[in-house]
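Spelled out from the first residue to the last, the chains are:
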Amino acid sequence: MRNRFAAFSSSLRKNLLGLAVGAATLAAAGLGGTSAHAAVAGPALGTAMPSIQLTENVRWVCGVWHCWWRPNWTYGTVPPYARAWGPPERPGCFWRRNWGGGWTHVCP
């Protein structure tokens, strides 16, 4: 009789603990789900801020033997082989074409 009661109380404790953890998780998700809203302090502050462009149009510009990283370059298209190249590692780096046709990243 004692073994049955011990097994029953152990499973009851596990179930109650699981319910308590589940309720705490739901309560934490419900309390943390609020959203914040921002507003402009006044009309003068909203109109006084200049519009700043945070991005710059840059791309690889490729000739026959070299590809350079050019800021504010909007002419032409990027060749298909240069589309996967990211920005250079540091200023002055470029891609140079080998005699075999492959490209090498050069950083002087």
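Quick caveat: nothing in here was measured; it's all calculated off a predicted structure. (Residues numbered from 1 in each chain as written. Predicted model: local features only at pLDDT ≥ 70, side-chain atom pairs only at ≥ 80, totals over all residues. Heavy atoms only, no water.)

Concerning the pairing of strand E4 (residues 103-106)
Filter applied, for reference: Here a strand pair is declared whenever DSSP counts at least two bridges between the two strands. Secondary structure counts use DSSP, requiring at least four H or I residues in a row for a helix and at least two E residues in a row for a strand, with both numbered from the N terminus.
Bridging between strand E3 (residues 94-97) and E4 involves four bridges; their strand directions are antiparallel. Bridge pairing links Trp95 to His105 in E4. Between E3 and E4, which pair antiparallel in sequence order, lie five residues; one of them, Gly101, sits at a positive phi of approximately 105°.

Re the nonpolar core
This is how the line gets drawn: The set of buried Ala, Val, Leu, Ile, Met, Phe, Trp, Tyr and Cys residues whose side-chain atoms join them within 4.5 Å is what this entry labels a nonpolar core. Note on exposure labels: buried denotes an accessible area under 20% of the residue type's maximum, exposed denotes more than 50%, and partly exposed covers the range between, all computed with a 1.4 Å probe on protein chains only. By definition in these notes, contact holds between two residues if any of their heavy atoms fall within 4.5 Å.
In this structure, Trp60, Cys67, Val78, Ala82, Trp85, Trp95 and Trp103 together form the largest nonpolar core, which totals seven residues. Sequence-distant contacts of Trp60, defined by excluding residues within four places in its chain, comprise Cys67, Trp68, Trp69, Val78, Ala82, Trp85, Gly86, Pro87, Pro88, Cys93, Phe94 and Trp95.

Some remarks on the sheet that holds strand E2 (residues 66-71)
The test is simple: In this analysis, axes come from line fits to C-alpha atoms, helices being fitted only over the stretch in contact, and the angle between any two N-to-C directions falls in the range 0 to 180 degrees.
An order of E1-E2-E3-E4 is seen for the four strands of this open sheet, with the pairing classed as antiparallel. Either end of the sheet is taken by a strand with one partner, and the two such strands are strand E1 (58-62) and E4. Ignoring strand direction, the axes of neighbouring strands in this sheet form an average angle of 30°. The pairing of E1 with E2 spans five bridges and is antiparallel. In the sheet register, Arg59 faces E2, and the bridge partner there is Arg70.

Structural notes on the side chain of Arg59
Where we set the bar: Contacts described as polar in this section are N or O atom pairs within 3.5 Å, which, within protein, must combine one atom able to donate a hydrogen with one able to accept it, while residues neighboring in sequence count only if both atoms come from side chains.
Relative to the helices and strands, Arg59 resides in strand E1. Take Arg59: its relative accessible area is 19%, and that puts it in the buried class. Polar contacts involving the side chain of Arg59 include one to the main-chain carbonyl oxygen of Trp73, which spans 3.3 Å. Filtering out sequence-adjacent residues up to four positions away, Arg59 remains in contact with Trp68, Trp69, Arg70, Trp73, Tyr75, Gly76, Thr77 and Val78.

Re the packing of aromatic side chains
Quick note on the threshold: Stacked, tilted and edge-to-face are the three classes applied to pairs of Phe, Tyr and Trp rings, where Trp contributes its six-membered ring and a pair requires centres within 6.5 Å; stacked means planes under 30 degrees apart, edge-to-face means over 60, and tilted covers the rest. Note on criteria: charge over ring means Lys NZ or Arg CZ within 6 Å of the ring centre, with the direction from the centre no more than 35 degrees off the ring normal.
Enumeration according to the criterion identifies eight aromatic pairs in this entry. On the numbers, 5.6 Å between centres and 85° between planes, the contact of Trp73 with Tyr75 is edge-to-face. A relative accessible area of 25% means that Trp73 is categorised as partly exposed. Classification of Tyr75 by relative accessible area gives exposed; the value is 61%. Linked through ring pairs, Trp60, Trp69, Tyr81, Trp85, Trp95 and Trp103 together constitute an aromatic cluster. Above the ring of Trp73, the side-chain terminus of Arg70 is found at 5.3 Å from the ring centroid.

Looking at the state of the cysteines
As a reminder of what qualifies: Count a disulfide wherever a pair of cysteine sulfur atoms falls within 2.5 Å.
Summed over the entire model, instances satisfying the criterion amount to two disulfides. The disulfide that involves Cys62 links it to Cys67, with 2.0 Å between the sulfurs. In this structure the cystine formed by Cys62 and Cys67 twists about its S-S bond by roughly 115°; its chirality is therefore right-handed. For Cys62, a relative accessible area of 25% gives the class partly exposed. Since its relative accessible area comes to 0%, Cys67 is described here as buried.

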